[in-house]
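Examination of the molecular architecture
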Amino acid sequence: MTWLRQHGPTLAVEAIVNLVGPIIIYNLVHDRHGDVAALLASSVPPLLWSIVELVRRGRIDALSVMVLAGIVLSLVAMAGGGSAKFLQLREKLVTFLIALAFLGSAAIGRPLIGPLARATVARESAEALAQFDEARGAGRLNRMIMVMTLAWGFGLLADFLVSVVLIETLSVGQYLVVGPIVGYVTIGGLTLWTVLYRRLRARGKLTNPPRNGEGDRPQGGGGALPPEAAQR
């Protein structure tokens, strides 16, 4: 309840900007200018919201870079021309590329959750950051980091595939309503899973004892927090 009281107003504004705003703008522009122009106009509120959130954080770190990359890719998608459905597909490529970033980082043994989590912890306090770095250096977080990175990678990939099917089967206006809901359900579900997974690990219910002392060896990665909103 404390978290909801603290973040509830921001979430409400975000829902209006990213869900209600685009629908209203699309309907206002569509009749006079057609699907493509209406879709481009409806993309402005979410992009502006992302930029405002980036500025509000007041610093450039791994999480901010991810948000900025999403903004740039979305702008590139809008600038490419083509039909409205093709524009929607290109915009969804942002999710696909982020999913590939998670999965690719896991494949090379440097899971992306690590720097994202460290950036989040760094905002809390120097003490929290020191504790985080100590746990990461001892290798105690590595398995959890890898599991989280894979979960977010495959979750975002599933979101992309479902969205492609919806874009092909729904009208432009219908997808404008359904698409963001699918995105929020995906991000919300992954975030909830991440919180529960962290709590279980913290209680020792999912802890696997290190073998042959490997828990004491420094390894790559780090972090135990979700990459917040990345994709909208």
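A brief look at the structure comes next.

Thresholds applied
- Here the residue numbers are simple positions, counted from 1 along each chain's written sequence.
- Residues qualify for local features only when their pLDDT is at least 70, as the model is predicted, and side-chain atom pairs are given and counted only at 80 or more; totals for whole chains, interfaces and linings, by contrast, use all residues.
- Water and hydrogen atoms were dropped before computing side-chain values, which therefore reflect all heavy atoms in the structure.
- Under the scheme used here, helices are H or I runs from DSSP no shorter than 4 residues and strands are E runs no shorter than 2 residues, and both carry numbers assigned from the N terminus.
- Each residue gets one of three labels from its accessible area relative to the maximum for its type: buried under 20%, exposed over 50%, partly exposed in between, using a 1.4 Å probe on protein chains only.
- Note on contacts: a residue pair qualifies if any of its non-hydrogen atoms lie within 4.5 Å across the two residues.
- Per-residue accessibility takes into account occlusion by the displayed protein chains alone, with areas from the Shrake-Rupley method and a 1.4 Å probe.
- Two rings from Phe, Tyr or Trp (for Trp, the six-membered ring) form a pair when their centres sit within 6.5 Å of each other. Planes less than 30 degrees apart are called stacked, planes more than 60 degrees apart edge-to-face, and all others tilted.

**Section: the overall build of the protein chain**
For the protein chain, the helix and strand inventory stands at eight helices and zero strands. Listing each helix as α and each strand as β along the protein chain from the N terminus yields α-α-α-α-α-α-α-α. Considering the protein chain as a whole, with its 232 residues, one finds that 40% of them fall into the buried category. Summarising the internal contacts of the protein chain: among those between residues at least 6 apart in sequence, 76% fall at separations of at least 24. Surface accessibility of the protein chain: about 12500 Å² in total, with carbon and sulfur atoms responsible for 66%.

**Looking at the environment of Leu 103**
Structurally, Leu 103 is set in helix α4 (residues 84-107). Along the backbone, Leu 103 and Thr 149 are 46 residues apart, and their C-alpha atoms lie at a distance of 7.1 Å. Excluding its chain neighbours within four sequence positions, the residues that come into contact with Leu 103 are Leu 150, Gly 153, Phe 154 and Leu 157.

**Examining the packing of aromatic side chains**
Scanning all chains against the criterion turns up two aromatic pairs. Relative to Tyr 197, the ring of Trp 193 has its centre 5.0 Å away and its plane inclined at 10 degrees; by these criteria the two rings are stacked. Highlighted residues: Trp 193 and Tyr 197, both in helix α8 (residues 172-202), separated by four residues, approximately one helical turn. The class of Trp 193 is partly exposed, set by a relative accessible area of 31%.

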